[in-house]
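Structural features, examined
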Amino acid sequence: MSLKNNNVFDSVWVDINLATINETDYGIIEDAALAIKDGKIAWLGAKKDLPEFDALATPLYQGRGAWVTPGLIDCHSHIVYGGDRAKEFEMRLEGASYQDIAAAGGGIVSTVKATREADEETLYVAAKNRLNALMKEGVTTVEIKSGYGLDVENELKMLRIARLLGQHHPVDVKTTFLGAHALPPEFKDNADGYIDLVCGEMLEAVVAEDLADAVDAFCESVGFNLEQTRRVFDAAKQHGLPVKLHAEQMSNLGGSELAASYQGLSVDHIEYLDEQGVKAIKAAGTVAVVLPGAFYFLRETQQPPIELLRQHQVPMAIATDANPGSSPLCSIQLMLNMACTLFRMTPYEALAGVTIHAAKALGVEEEVGTLEVGKQADFVVWDINHPAQLAYQFGVNPCQQVIKAGNIV
Ligand SMILES: [Zn+2]
């Protein structure tokens, strides 16, 4: 007798409402059912059409009218880091200037120092706690960037931890090498010298250990210029890695057009993106990622060009940008709310921004991001009356169950 499971399905969910998510709307199917086989969605549709299956041998879950969406995707985070910047936050609110804070060792340099000094276990546990917080709100895939090591040893350390999290945590992790995040103190006044290191020894070591799924940079007056960013992209291209970019956050340097010319996966922040840039990313199929948490925390006033992005039908994604300096928050539900309240996105656009479009921003749209037969069975069961409720409220977590590759986590 074979021990092979010959059932049509491994598990079946009934009495649910589906928000399957597509390019134009929620893709709602009410009074629905969803069936899983081998970690994938094997069937979905109206419950009355559910094919026959061995009801005695197949676990059956009653949704009792709950809503089911695709697992949420946080496509931009920096959750591996040492220390925190609460003291700096307090100093600023007590009236300290940027110079005072820098003189006290604050700013990104303090996170670089704390990350370099932290051992791997400390960094792993702290990042795991942040990942847990995201998962409890329905996140099943997270992108994690390096960028606080800024030397070969510590950039590798960050990426190894991110990879390890992906292996041991139910949430899928995509890693991004962000060596060109900031200038380390050792390279003060020698940005080109640092970019030599990033494009040479550092990226080679990252590739040798297969630690990165993509390469990112911070193209900004306080980051790296267009030419330096181009060199990082050329190096990524040589190694066959896709690129994405922190672009147009504080000014318009044309970083988005540059990223588009490399068929970038995404351009992120983009408050200062103009129509020329919007057209360029549209033509390249690059996703526009907006980060309302950083906009809020930095008390920015320049709005990302949501209406232009709509007009040109550019896919828009939303992410936490979880990081200790400019977005110290690990709540995807808060991002849904802020995308609507701060950027005037619609609740559908917000939800598409953490599902179908976030998947595209990571290059995983064939596997996850929508509820479709054949896709990985990553989904969330919500105690809500309508999908718009996910963006409408926060602080009351309606997430009942998170299912990852068919398993309840
Ligand atoms: Zn970022």
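Everything quoted here is computed from the prediction, not taken from an experiment. (Residues numbered from 1 in each chain as written. Predicted model: local features only at pLDDT ≥ 70, side-chain atom pairs only at ≥ 80, totals over all residues. Heavy atoms only, no water.)

Here the focus is the sheet that holds strand E5 (residues 72–74). As summarised here, the arrangement of the eight strands in space is E5-E6-E7-E8-E9-E10-E11-E12, forming an open sheet in which the pairing is parallel. Across the chains shown, the open sheet's two edge strands, defined by having one partner strand only, are E5 and strand E12 (316–318). Each adjacent strand pair in this sheet contributes to an overall mean axis angle of 25 degrees, direction not counted. Where strand E8 (residues 214–219) lies against strand E9 (residues 244–247), two bridges are found, and the strand directions are parallel. Bridge pairing in E9 links Phe218 to His246. Each of strand E7 (172–180) and E8 touches helix H6 (residues 191–208); the most contacted strand, E7, lies at about 150 degrees to it. (Pairing = 2+ DSSP bridges. Helix = DSSP H or I, 4+ residues; strand = E, 2+ residues; numbered from the N terminus. Axes fitted to C-alpha atoms, helices over the stretch in contact; angles between N-to-C directions. Contact = heavy atoms within 4.5 Å.)

This part is about the coordination of the zinc ion. Within the first shell, the zinc ion binds the protein through His76 (NE2), His78 (NE2), His246 (NE2) and Asp321 (OD), at distances of 2.1 to 2.4 Å. One can describe the donor arrangement at the zinc ion as irregular, given that its four donor atoms subtend angles of 83 to 167 degrees at the metal. Read N to C, the donor residues that coordinate the zinc ion are spaced as H-x1-H-x167-H-x74-D. Remark: Asp321 occurs in the loop between E12 and helix H12 (332–341) and His76 occurs in the loop between E5 and helix H1 (86–93); sequence separation between them is 245 residues. There is no split in this pair, since His76 and Asp321 are both buried. (Donors = N, O, S within 2.8 Å, 3.2 Å for Na, K, Ca; no water. Tetrahedral: all angles 85-135°; square planar, octahedral: opposite > 155°, others 65-115°. Buried < 20%, exposed > 50% of the residue type's maximum accessible area, 1.4 Å probe, protein only.)

This next bit is on unusual backbone geometry. Backbone geometry places Asp210, a non-glycine residue, at a positive phi of 50 degrees. Along the chain, Asp210 falls in the loop between H6 and E8. Its relative accessible area of 52% is what places Asp210 among the exposed residues. In this structure, Arg299 takes a positive phi of about 55 degrees despite not being glycine.

Looking now at the layout of surface pockets. In this structure, the largest pocket spans a volume of roughly 1400 Å³. Around the largest pocket, the lining comprises 40 residues; the ones closest to its centre are Arg85, Tyr98, Gly107, Ile108 and Val222. Residue assignment for the lining of the largest pocket shows that the elements contributing at least two residues are H1, helix H2 (98–103) and helix H3 (108–117). The element best represented in the lining of the largest pocket is H1, accounting for four residues. The residue makeup of the lining of the largest pocket, split by class, is 19 nonpolar, 13 polar and eight charged. (1 Å grid on protein atoms, 1.4 Å probe; cavity = no way out; pocket = protein on both sides within 12 Å on 5 of 7 lines; lining within 4 Å. Points joined across faces, edges and corners; volume = space filled by probe spheres on them. Nonpolar A, V, L, I, M, F, W, Y, C, P; charged D, E, K, R; others polar.)

In total, this model carries ten aromatic pairs according to the counting rule given. Residues Trp13 and Phe379 carry aromatic rings whose centres are separated by 5.4 Å and whose planes lie at 90 degrees to one another, so their mutual orientation is edge-to-face. Within this pair, whereas Trp13 is found in strand E1 (residues 11–19), its partner Phe379 is found in strand E13 (residues 379–382), the two being separated by 366 residues in sequence. Exposure remark for Trp13: the relative accessible area of 3% places this residue in the buried category. With relative accessibility at 1%, the residue Phe379 sits in the buried group. (Phe/Tyr/Trp six-rings, centres within 6.5 Å; stacked < 30°, edge-to-face > 60°.)

The next subject is the nonpolar core. By size, the foremost hydrophobic cluster in this structure holds 100 residues, and its most contacted members are Leu165, Phe177 and Leu309. With ten residues, H6 is the single largest residue contributor to this core. Mapped onto the domain boundaries, this core takes at least three residues apiece from domain 1 (11–69 + 371–408) and domain 2 (72–361). Not counting the four nearest positions on each side in its chain, Leu309 is found in contact with Ile270, Leu273, Val278, Ile281, Ala288, Val314 and Met316. Among the nonpolar cores identified, the runner-up in size contains 15 residues, and Ile16, Leu18, Ile41 and Phe379 belong to it. (Core = buried A, V, L, I, M, F, W, Y, C linked by side-chain atoms within 4.5 Å. Domains from an automatic or database assignment.)

Geometric values such as these leave the question of function open.
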